[in-house]
Each structure stands twice: as structure tokens, then as C-alpha cells.
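# Structural overview
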Amino acid sequence: LHVRLTGSPDKTIAIHDLSNLYEYSKLHYEEEEHILGESLWPGHKTNHENLLIDLQTLIGEIKLEKFQVHNIGEYLKFWLLNHIKLFDIPSFGNKS
């Protein structure tokens, strides 16, 4: 996804791929929350909700040409890695 989005300035491709990422992320977060149950780190579910809102905002900004597609790599890297480091690793490490 990173290579595809940073390799093309085509906002139509970016919007399509990010919309697919949004739908996948929703399902992934629901499943993750179900699996973790009580082990879910405090703020984890809220962070999922905020990530989805951020992704919707990003898609809207690309549509309005307020965000350039070639800048998306660092954004997505932070979006994903920051969440994994701050929420997923502690939550899954806490799961019995």
C-alpha cells in the first residue's frame, strides 16, 4: 500500500485504496477488541475510533487536494506504528 500510494500522485487511486484500508481497519479493530476483551489496554478502543476518524479526514483532505498523495508514506507509517507500539503491544502482552 505504501509503495502504491507513494509511487503515484493519482488521488483517485489513493482515495480508493485508503477507503479499502478504512473498511479493513474497521473490521480488524472490531475483531481485535473482541479477542482482547478485558486485556484491552486503557484507551485502546478510543484510539481505534480516532484512527478511523483520522483516516476519514485524510481521505476528505485528499479529495479536496489539501493533502498531497506523495506525503502519505510518513503519515501512514506513524498512523500504524505509533498505534502498535502504544496500544497493541501492551494489550497483547497483557493477554493471559
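See the structure shown above.
Residues numbered from 1 in each chain as written. Predicted model: local features only at pLDDT ≥ 70, side-chain atom pairs only at ≥ 80, totals over all residues. Heavy atoms only, no water.

## Some words on the overall build of the protein chain
Looking only at helices and strands, the protein chain features 4 helices and 0 strands. Overall, the protein chain shows an N-to-C arrangement of helices and strands of α-α-α-α. Each of the three principal axes of the protein chain carries a C-alpha extent, and together these read 45 × 20 × 20 Å. In the protein chain, buried positions account for 34% of the 96 residues. Put simply, of all contacts in the protein chain between residues at least 6 apart along the chain, 71% involve residues at least 24 apart. Split by element, the accessible area of the protein chain, about 6300 Å² in all, is 58% carbon and sulfur. The positive charge centre, built from 9 side chains, and the negative charge centre, built from 14, are 3 Å apart in the protein chain. (Helix = DSSP H or I, 4+ residues; strand = E, 2+ residues; numbered from the N terminus. Buried < 20%, exposed > 50% of the residue type's maximum accessible area, 1.4 Å probe, protein only. Contact = heavy atoms within 4.5 Å. Areas by Shrake-Rupley, 256 points an atom, 1.4 Å probe, with all protein chains shown as cover. Lys, Arg positive; Asp, Glu negative; His and termini not counted. Charge placed at Lys NZ, Arg CZ, Asp CG, Glu CD.)

## Brief notes about the nonpolar core
Formed by 18 residues in total, the largest nonpolar core has its most connected members in Leu18, Leu55, Leu58, Ile62 and Ile72. Elements with a minimum of two residues in this core: helix 2 (11-36), helix 3 (44-63) and helix 4 (72-94). Here leucine 55 is in contact with Leu18, Leu21, Tyr22, Tyr75 and Trp79, once residues within four sequence places are set aside. (Core = buried A, V, L, I, M, F, W, Y, C linked by side-chain atoms within 4.5 Å.)

## Brief notes about the packing of helix 2 against helix 3
A packed helix pair is summarised by two numbers, namely the angle formed by the two axes and the spacing between the axes. Packing of helix 2 against helix 3 leaves a shortest axis separation of 10 Å and a crossing angle of 170°. The orientation of helix 2 with respect to helix 3, classified from their angle, is roughly antiparallel. Taken together, the residues of the contact of helix 2 with helix 3 break down into 13 nonpolar, 5 polar and 6 charged. (Axes fitted to C-alpha atoms, helices over the stretch in contact; angles between N-to-C directions. Parallel < 35°, antiparallel > 145°, perpendicular 65-115°, else oblique. Nonpolar A, V, L, I, M, F, W, Y, C, P; charged D, E, K, R; others polar.)

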